[in-house]
Amino acid sequence: MKIIVLVKHVPDAQFDRHLTGEGYTTDRDESILSELDEYALEAALQLAEARGGAKAGNQVIALSMGASGAVNAVKKSLQMGATEGVHLTDSALAGSDAAATSLALAAAIRHIGTGAPVDLVLTGMASTDGETSLVPAQLAERLGLPQVTFASSLTVDGGRLTARRDADTYSETVEATLPAVVSVTDQINEPRYPNFKGIIAAKRKSITTLSLADIGVDPAHVGHAGSWTTVTAAVERPPRTAGTIITDEGDAGIKLVDFLAAQKLL
Amino acid sequence: MANVLVFIDNPGDALKKSTLELLTLGRSLGETAVAVNGDLHQDVSATLAEYGVTAVFRPSAQDLDDYLVSAKAAYLAAAAGAAGAGTVLLDNSPEGKEIAARLGIRLNAGVITDVVAVDADGTAHKSVLAGSYTTSARATTAISVLTVKANNVMPEPASVASAPETSTVEVPADGTATAARVTAREQKAASGRPDLSDARIVVAGGRGVDGDFGPLEQLADALGAAVGASRAATDAGWISHDAQVGQTGKTVSPQLYISAGISGAIQQKAGMQTAKVIVAVNKDAESPIFEIADFGIIGDLFDVLPQATEEIKKRKG
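Summary of the structure given here.

What counts, and at which threshold
- Residues numbered from 1 in each chain as written.
- Chains lettered and ligands numbered in written order.
- Predicted model: local features only at pLDDT ≥ 70, side-chain atom pairs only at ≥ 80, totals over all residues.
- Heavy atoms only, no water.
- Helix = DSSP H or I, 4+ residues; strand = E, 2+ residues; numbered from the N terminus.
- Rg over C-alpha atoms; globule rule 2.2 N^0.38 Å.
- Buried < 20%, exposed > 50% of the residue type's maximum accessible area, 1.4 Å probe, protein only.
- Contact = heavy atoms within 4.5 Å.
- Areas by Shrake-Rupley, 256 points an atom, 1.4 Å probe, with all protein chains shown as cover.
- Buried area = accessible area lost by both parts, 1.4 Å probe.
- Salt bridge = Lys/Arg side-chain N within 4 Å of Asp/Glu carboxyl O.
- Polar contact = N/O pair within 3.5 Å; in protein donor to acceptor, adjacent residues only side chain to side chain.
- Phe/Tyr/Trp six-rings, centres within 6.5 Å; stacked < 30°, edge-to-face > 60°.
- Lys NZ or Arg CZ within 6 Å of the ring centre and 35° of its normal.
- Pairing = 2+ DSSP bridges.
- Axes fitted to C-alpha atoms, helices over the stretch in contact; angles between N-to-C directions.
- Expected span 1.5 Å × (residues − 1).
- Left-handed = near helix turned anticlockwise from the far one by under 90°.
- Nonpolar A, V, L, I, M, F, W, Y, C, P; charged D, E, K, R; others polar.

Before going further, it helps to spend a moment on the overall build of chain B. Check the secondary structure of chain B and you find nine helices and 16 strands. Here chain B has a C-alpha radius of gyration of 21 Å; the compact-globule value for 317 residues is 20 Å, and the two agree. Dimensions along the principal axes, computed over C-alpha positions, put chain B at roughly 60 × 45 × 40 Å. The burial tally for chain B puts 57% of its 317 residues in the buried class. Considering only contacts within chain B whose residues lie at least 6 apart along the sequence, 64% involve residues at least 24 apart.

Pasting the structure below:
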């Protein structure tokens, strides 16, 4: 199988995150591989391993789009066990919205599929920065592929995949033919940590760098210029401040209700 | 004014409050048509007229629910064309956002999700980076597609009722050709509590609950609230994963958020910091949650919550 996993380099949610500069793009200092993408990578590794792994010709290709730092998301993926990495980078990509991002990624996926076609594109259920969860569905629409989003389990048998999706009021089983775009939730598996052997092995794996010219995308169709949405203003929310803190002396439940009544919340 | 199209997926016997909110918002932006999928009950038609809807579209195919998202996106793209829509409004559910995503590509339209308000000129407002910023954004395309969060608009019927014409829209075949197919669907047992994402009040528990959500559920029922949980509590299997609030779960924005036995690590805070009022109950006085709580109680939730529940019942008589 040839599986592409989309991995994104996102600001670590453990720290305060900031919008910066023209177009209010996200400040990517202190960035890491998006936690939600690790589940997609783990799902890909398990599918490949169940089919005999890299020795049997299974490829797990980590693809990241972004500025120079984004290569770190690819490196982490290689340490976890991806067989190769692709870094799509071009200054014209800065500020791409979901539509422009899906355009560039679709072109990169077609490029990677030249020769041996791609069987599966796996992604996390959302990025932990933009959080729109638009890209997997937009990618599927652009590639003309079935999409299966929010998969909490995934099996592939021959050219068919079966997935389970859990919504608030129902659960469903869905089937699609390969190739397909699948996004997975954090319930699908427990991602592995890179071990020492994996870290050493990653140093020998290749990372291909692609530019927009390599994948035949006009710079005017991506970045701020090619995006279909624009951010016109951004205001940082003032930090919440602590209010009244009391220690329970046997009547805190009643004081809580007094507080709710005063706030007209009962 | 531009034409607006509102998508209503399987309305059932009566329109949901969030749908009435979309219709009210739509009317503030232009002449509002709706695209319905599923049965159209007489009462629903009457409500659409009360809300001033000028046209109702229905799909030529009845099996859109058998496919994942793309069939509905294809139908909606055709309906947007028929309505001459400049704006398409959908609810902000995961499915609503995905339909919006595919619709955006079909219509060459910018998509904005998690919208809480829209100005008359189409500028949409939302919060990003887990509530750290509020932003204004707009589509630069001829059509914009917006998914709108619930509880941000007061539903209001039109001053003059309308008499909408119903017409059928042909569903393009390519919406189903490569779509994933739903082969089984089970309904989950309803809890009788409001949906977490839309609830006005949320009572959430974490590690400190130690496996027993009983006191939280009783308080939630007294308040008409939804029950949420931190990742520690869902990973421990104490409550269903659907209840998870935070970075990898649901972002909630209620009027009141009561946090019980949750330390308030940043991912949890990220899921709820846009709540209007935050109450925290925790034994550990050093918990970070107290840094952002409007009212904090250092105490045992197994004492404080039942006492509060009794007091609320007493006051409500």
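Right, let's get into the overall build of chain A. Per the secondary structure count, chain A includes eight helices and 15 strands. Reported as C-alpha extents along the three principal axes, the dimensions of chain A are approximately 70 × 40 × 40 Å. The contacts of chain A with a sequence gap of at least 6 include a subset with a gap of at least 24, amounting to 71%. Within the structure as shown, chain A displays about 11400 Å² of accessible surface, and the carbon and sulfur contribution to it stands at 52%.

At the junction of the two partners, chain A supplies 80 residues and chain B supplies 84 residues. Carbon and sulfur atoms supply 54% of the area buried between chain A and chain B, which totals about 7300 Å² over both sides. When the area that chain A buries against chain B is broken down by residue, the three leading residues are Glu141, Trp228 and Arg240 of chain A, summing to 12%. Our enumeration of links across chain A and chain B arrives at eight salt bridges. Between Arg106 of chain B and Glu141 of chain A there is a salt bridge, and its shortest N-O distance comes to 3.1 Å. Between chain A and chain B we count 40 residue pairs in polar contact (both at pLDDT 80 or more) in total. Contributing elements (two or more residues each) for the side of chain A that touches chain B: helix H1 (35–50), helix H4 (135–143), strand S9 (147–157), strand S10 (160–166), strand S11 (170–177), strand S14 (229–236), strand S15 (244–247) and helix H8 (252–262) of chain A. A total of 10 residues in the side of chain A that touches chain B trace back to one element, the largest contributor, which is H8 of chain A.

A word on the environment of Leu29 of chain B. Residues and elements named next belong to chain B. Within the secondary structure, Leu29 sits in helix H1 (residues 17–29). Here Leu29 falls in the buried class, since its relative accessible area comes to 9%. On a C-alpha basis, the gap between Leu29 and Val4 in space is 7.0 Å, while along the polypeptide they are 25 residues apart.

Right, let's talk about the pattern of salt bridges for a bit. For the structure shown, the criterion picks out 27 salt bridges over all chains. Here Glu141 of chain A makes a salt bridge to Arg102 of chain B, at a shortest N to O gap of 2.6 Å. You can see Glu141 of chain A sitting in helix H4 and its partner Arg102 of chain B sitting in helix H4 (residues 94–107), one on each of two chains. Residue classification places Glu141 of chain A among the buried residues on the basis of a relative accessible area of 15%. As a salt-bridge pair, Arg138 of chain B and Asp121 of chain B come within 3.6 Å of each other at their nearest N and O atoms. Highlighted residues: Arg138 of chain B in strand S8 (residues 133–139) and Asp121 of chain B in the loop between strand S6 (117–118) and strand S7 (124–128), separated in sequence by 17 residues. Connected through shared salt-bridge partners, Glu35 and Asp186 of chain A together with Arg231 and Asp235 of chain B make up one network.

One pass over the structure, following the stated rule, counts one aromatic pair over all chains. Between the NZ or CZ atom of Arg185 of chain B and the centre of the ring of Tyr170 of chain A, over which it lies, the distance is 5.3 Å.

If you trace the six strands from one edge of the open sheet to the other, you get S15(A)-S16(B)-S15(B)-S14(B)-S12(B)-S13(B), paired in parallel fashion. Edge positions in the open sheet fall to S15 of chain A together with strand S13 (226–229) of chain B, since each of these has one partner strand only. Pairs of neighbouring strands in the sheet enclose a mean axial angle of 15 degrees, with direction left out of account. Pairing analysis gives five bridges linking strand S12 (residues 201–205) of chain B to strand S14 (residues 256–260) of chain B, with the strands arranged parallel. Following the sheet pairing, Val202 of chain B is matched in S14 of chain B by Tyr257 of chain B. Where H8 of chain A meets the sheet, its contacts fall on S15 of chain A together with S14, strand S15 (277–282) and strand S16 (295–298) of chain B, and the angle it forms with S16 of chain B comes to roughly 175 degrees. Contacts from helix H6 (residues 214–223) of chain B reach S12, S13 and S14 of chain B, with the element oriented near 175 degrees to S12 of chain B.

This part covers the side chain of Gln138 of chain A. With respect to the helices and strands, the residue Gln138 of chain A is situated in helix H4. Under the relative-accessibility criterion, Gln138 of chain A is labelled buried at 1%.

With that out of the way, let us pick up H1 of chain A. One full turn of an α-helix is made of 3.6 residues, so residues set three or four places apart face in the same direction. Residue and element names in this part refer to chain A. Taking 1.5 Å per residue as the helical rise, H1 with its 16 residues ought to reach 22 Å, and the 24 Å between its terminal C-alpha atoms agrees with that figure. Within H1, 12 of the 16 residues are buried, which leaves it mostly tucked inside the rest of the structure. Just beyond H1, the residue with positive phi is Gly52, at close to 95 degrees.

A word on the sheet that holds strand S5 (residues 110–115) of chain B. All names here are of chain B. As summarised here, the arrangement of the seven strands in space is S5-S9-S4-S1-S2-S3-S10, forming an open sheet in which the pairing is parallel. At either margin of the open sheet sits one strand with a lone partner, and together these are S5 and strand S10 (165–169). When the angles between neighbouring strand axes are averaged without regard to direction, this sheet yields 25 degrees. Bridging between strand S1 (residues 3–9) and strand S2 (residues 31–37) involves seven bridges; their strand directions are parallel. From the neighbouring strand, Phe7 faces S2, where its bridge partner is Ala35.

Before going further, it helps to spend a moment on H4 of chain B. Residues and elements named next belong to chain B. Counted at 1.5 Å a residue, the expected span for H4 with its 14 residues is 20 Å, and the 20 Å between its end C-alpha atoms agrees. Counting buried positions along H4 gives 12 out of 14 residues, so the element sits mostly inside the fold. Along H4, the positions that sit buried rather than exposed are Glu95, Gly96, Lys97, Glu98, Ile99, Ala100, Ala101, Arg102, Leu103, Gly104, Ile105 and Leu107. Downstream of H4 by one or two residues, Asn108 has phi in the positive range, about 50 degrees.

Here the focus is the side chain of Thr47 of chain B. Residue and element names in this part refer to chain B. Turning to its location among the elements, Thr47 is positioned in helix H2 (residues 42–50). Overall, the relative accessible area of 18% leaves Thr47 in the buried class. Apart from residues no more than four positions distant in its own chain, Thr47 is found in contact with Leu15 and Leu20.

Residue and element names in this part refer to chain A. For the pair H1 and helix H2 (residues 71–80), interaxial distance at closest approach is 11 Å and the crossing angle is 40 degrees. Crossing geometry of H1 relative to H2 is assigned as right-handed. Only Lys76, Ser77 and Met80 of H2 make contact with H1, whose side of the interface consists of Glu38, Leu41 and Leu45. Its residues assigned to classes, the contact of H1 with H2 shows three nonpolar, one polar and two charged.

Treat this as a map of the structure, not an account of what it does.
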